[in-house]
Amino acid sequence: MTVEEIFHLAKKEPEFLIFTGYRFIDIIGSEMAVEYEYPHDSIVLGGKLRAYPLPHRLYIDLNIKNKKDYFGELRYSYHDTFYLRGISRSLFHNLDNIRLQGPSAIDPRDSSDVKYGIRAGINTIFIRLKTPDFPAHFYIDGRLIERKGTQQQRSLLGSGYFGRNMVRTSQKRDIDWQTKNITIGANSHLGPIEIDFSHTEKRFDVNGDRFFSNNYTDSFVRPEGEFPHNLIPELKGSTDTLKIHTSYTGRFTASATFTKMERENTTSSTKSDYFIGSGEIQWLPMHKLAFFLKYRHKDADIDNPDSVTITDLSNPLNKYTYHVKPSLSYVNDTISGAVRYRPANGLTLRAEYVYDNIRRQNNDRWHMPDSTQKHMVTLSADARILRNLNLKARYIHKEINNPALNIEPDRSDEGRLSVSWIPVSKINALLSYSISKEKRDKITCAEKCNDAEPEPEKRDVKRDKLIGSITFLVLNNLSITTSYAYMHNKIEQDIVYNTGTYTDKSVPYKDIANTYAVDVNYMLKKNINLNAGVSHTTAKGNFRPSDSKLLSISEFSEFKMRQTVFRGQGEYMLKHGITLGLQYKYSRFNDALDNPHDEIKDGRAHIVLLTLSKAWK
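Quick notes on the rules
Residues numbered from 1 in each chain as written. Predicted model: local features only at pLDDT ≥ 70, side-chain atom pairs only at ≥ 80, totals over all residues. Heavy atoms only, no water. Helix = DSSP H or I, 4+ residues; strand = E, 2+ residues; numbered from the N terminus. Buried < 20%, exposed > 50% of the residue type's maximum accessible area, 1.4 Å probe, protein only. Contact = heavy atoms within 4.5 Å. Areas by Shrake-Rupley, 256 points an atom, 1.4 Å probe, with all protein chains shown as cover. Lys, Arg positive; Asp, Glu negative; His and termini not counted. Charge placed at Lys NZ, Arg CZ, Asp CG, Glu CD. Pairing = 2+ DSSP bridges. 1 Å grid on protein atoms, 1.4 Å probe; cavity = no way out; pocket = protein on both sides within 12 Å on 5 of 7 lines; lining within 4 Å. Points joined across faces, edges and corners; volume = space filled by probe spheres on them. Phe/Tyr/Trp six-rings, centres within 6.5 Å; stacked < 30°, edge-to-face > 60°. Core = buried A, V, L, I, M, F, W, Y, C linked by side-chain atoms within 4.5 Å. Polar contact = N/O pair within 3.5 Å; in protein donor to acceptor, adjacent residues only side chain to side chain. Salt bridge = Lys/Arg side-chain N within 4 Å of Asp/Glu carboxyl O. Patch = residues over 30% accessible without salt bridge, like charges linked within 9 Å, V, L, I, M, F, W, Y side chains within 5 Å.

**Student:** What should I look at first to understand the overall build of the protein chain in this one?
**Tutor:** Secondary structure summary: the protein chain contains two helices and 31 strands in total. For the protein chain, the spread of C-alpha atoms along the three principal axes comes to 85 × 60 × 55 Å. Per-residue burial over the protein chain gives 33% buried out of 617 residues. At a minimum sequence separation of 6, the contacts of the protein chain that also span at least 24 residues come to 58%. Of the roughly 35900 Å² of accessible surface on the protein chain, a fraction of 58% belongs to carbon and sulfur atoms. Between the centroid of the 86 positive side chains of the protein chain and the centroid of its 75 negative side chains there is a distance of 7 Å.

**Student:** What's the story with the pairing of strand β25 (residues 459–475) in this structure? I'm lost.
**Tutor:** In summary, the side chains of a regular strand alternate between the two faces of the sheet. Where strand β24 (residues 427–440) and β25 come together, 14 bridges link them in antiparallel fashion. Each bridged residue has a counterpart across the sheet, and for K439 the counterpart in β25 is D460. Pairing between β25 and strand β26 (residues 478–497): 16 bridges, direction antiparallel. Bridging from a neighbouring strand, V461 pairs with I491 of β26. Taking the residues between adjacent antiparallel strands as the criterion, β25 and β26 are bridged by two residues.

**Student:** Would you explain empty space enclosed by the protein in this entry?
**Tutor:** Gaps left between atoms show up when a probe the size of a water molecule is rolled over them. Following the criterion strictly, the structure yields one cavity of 30 Å³ or more and no others. In this structure, the largest cavity occupies an estimated 30 Å³ of space. For the largest cavity, the full set of lining residues is F292, K294, S336, G337, A338, R350 and E352. Taken together, the elements giving at least two residues each to the lining of the largest cavity come down to β16 (289–303), β19 (329–344) and β20 (347–361). Take the lining of the largest cavity: its biggest share by element is three residues, from β19.

**Student:** Looking at this model, I keep getting lost on the side chain of E408. Mind explaining?
**Tutor:** Checked against the element boundaries, E408 lands in the loop between β22 (389–401) and β23 (411–424). Beyond its immediate sequence surroundings of up to four residues, E408 is in contact with K374, P403 and R440.

**Student:** Sorry, what's going on with the packing of aromatic side chains here?
**Tutor:** Aromatic rings considered in pairs are described by the distance between their centres and by the relative angle of their planes. Going through the model one piece at a time under the given rule, you end up with ten aromatic pairs. Geometrically, the ring pair formed by Y76 and F82 is tilted, given 6.1 Å between the ring centres and 55° between the ring planes. With 5.2 Å between their ring centres and 40° between their planes, Y484 and Y516 make a pair best called tilted. Remark: Y516 occurs in strand β27 (residues 502–525) and Y484 occurs in strand β26; sequence separation between them is 32 residues.

**Student:** Mind showing me how you'd approach the nonpolar core here?
**Tutor:** Across soluble globular proteins, nonpolar side chains show a tendency to be buried alongside one another. Core analysis: the biggest nonpolar cluster contains nine residues, these being I25, A33, V34, A513, A539, M561, F589, A605 and I607. With near-sequence residues (within four places) excluded, V34 lies in contact with I25, I27, N94, S587, A605 and I607. Core analysis: the second largest hydrophobic core is formed by seven residues, M261, I276, Y330 and I358 among them.

**Student:** Would you take a moment to explain the environment of T81 for this structure?
**Tutor:** Counting through the fold element by element, T81 comes out in the loop between β4 (69–78) and β5 (82–95). Taking the C-alpha atoms as reference points, T81 and F212, 131 residues apart in sequence, are found 52 Å from one another. Each residue touching T81, except ones within four places of it in the same chain, is listed here: R128, L129, K130 and P132.

**Student:** I keep staring at the side chain of Q373 and nothing clicks. Help me out?
**Tutor:** Counting through the fold element by element, Q373 comes out in strand β21 (residues 371–386). At 3.1 Å, the side chain of Q373 forms a polar contact with the side chain of N357. Ignoring any residue separated from it by four or fewer positions in sequence, one finds Q373 in contact with Y355, D356, N357, E399, I400, N401 and N402.

**Student:** Explain the pattern of salt bridges to me, please; I cannot follow it from the model alone.
**Tutor:** Note on pairing: side chains with opposite charge can pair once their charged atoms come close. In this structure the tally under the stated criterion is 24 salt bridges. The partner of E37 in a salt bridge is R23, with the nearest N and O atoms 3.1 Å apart. Here E37 is found in the loop between β1 (12–29) and β2 (42–52), whereas its partner R23 is found in strand β1, with 14 residues between them in sequence. Taken as a pair, E37 and R23 share a single burial class, namely buried.

**Student:** Just checking my understanding: could you explain a positive patch on the surface for this structure?
**Tutor:** On the surface, K437, K462, K490, K510, K540, K560, R562, R588 and R604 cluster together into a patch of positive charge. Mapped onto the elements, K490 comes out in strand β26.

**Student:** Hey, could you run me through a negative patch on the surface in this one?
**Tutor:** A cluster of like negative charges, contributed by E262, D273, D299, D301, D303 and D306, occupies part of the molecular surface. Among the elements that line the negative patch, the one with the most residues is β16, at three residues. Residue position: D306 is located in the loop between β16 and β17 (307–312). A relative accessible area of 64% places D306 in the exposed class.

**Student:** Any chance you could explain the pairing of strand β8 (residues 136–157) here in plain terms?
**Tutor:** The sheet contact formed by strand β7 (residues 116–130) and β8 spans 14 bridges and is antiparallel. Paired with G121 across the strands is E146, a residue of β8. The pairing of β8 with strand β9 (residues 167–190) spans 22 bridges and is classified as antiparallel. Looking at the pairing, R154 lines up with S170 of β9.

**Student:** Looking at this structure, I do not really get a nonpolar patch on the surface. What am I missing?
**Tutor:** On the surface, Y22, F24, I43, L45, L62, I64, L582 and L610 cluster together into a nonpolar patch covering about 660 Å² of accessible area. Within the residue set of the nonpolar patch, elements represented by two or more residues are β1, β2 and β3 (56–66). Checked against the element boundaries, L45 lands in strand β2.

This is how it looks when you write it as structure tokens:
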């Protein structure tokens, strides 16, 4: 059969779908009740196109929910010599306006009725060219990430050694950030190996409010004047990557990757160079047994200026120069070995050991150890106990010598277990549970611990998570799914304040969240499909210092919230490819604690979406 005959047999008639509608939204109270919904009514438009007039292939998907929330995708290919894919997506994030309260001095510079929100957009394009009669490809991969809108900027001014008078302030910040990333590369099969080389340029540009300013007076160390603060730096960088690997098939495979990166903070003139080299070998002596060996080396050389000078915005002759600590450079080596064994059908065992060693420069200026070693052992098993019962288990043990940060443990243990069970053909159950414990024997002080205070000793952490769901096929056209999720974190740690002058023993932090959900799918008739669901989430947490002088901190950390979401959806398919759609969503967000110091506020929202679509085939 010729290629032309194959193309002729594969031809398919184009498929078209267009839809339109209107979205109603009503919000009472905080817009965090629908955190990722644009809080305004809007027209809805969209459609799909699939066309395969071979050797051309075309796919278009467009869904415009509103001017802040949309999705679009374009795919086109010609034979296997040209391929194009572009995606544009965007959503809106509502942000709370947190009012300043409390006994200390405050200076609110934004009004209480200002609403904050940011549109986040991601645009990508990928183009690939292939030589007609040789396995060589040339490609371009571009990405643009945008964040536009407004957010609240809260600052503590006049604090520390910059001034005696501490003032809390809040004000509106205009956000207009762009991250641009473009990669140009080529790859080819050259006998038993494949080689890929790529070059990447990356930029982070800041528009809008790049910084704020404040009039500093009564300062300890610098002259009085109007100086900038909360500046967002601009960044740029480039990356060269070489990848080499053998054939993907066979009992022995190997791969290697070499990466050279350069990064620069154009605002502060800080520069960094990275070299990353990694390699992997895989050996399958028999179909039941496999060995894996990996090695990774990373060298980070970071250089920043010794000092930075800032200028009084009201008087260019008034300047202040402050010294900057040298950046933390390091060399990191990681080696791991793993073995996978299948002693019987339906049973797979795996064991892995990882050794990680990091060596630092300028560590004394950052009060860190000169090196840290990590050991990790992982044991896992995938088993089919019965034909309709599958089990996955995993155990991870870590030990860290000379942890760099106080939140890192000396040792930790984690266990994971998941079960899928189909007791009868109309019931499907899933259950997943994980638990981890971390232990730290000694907390380090940033400089020197105060001999008059108790020596900081420990940090104990316990985390566990449970997720389960059961699906019942009540009738051939009716299914019900119930689910439950539980998350719990508990931390108890000695905390050292003010560079070792005060120690707070056994400070507890904990949070807990529960989510209950029920979803129903019912096909009333062949042309009528109904879906409904309800979920309820409760969450609470607190951080409680034990000393009476610090109890006010807990006022800002304690929270308790409840959220209920109801969703309903229906489709009625008429003749000639016409479909009527209705979607409804109700969300209620409740600050159960009514804490005036947290960012949780009560809110309710109703969202109704009406659509009309037409399909052609």
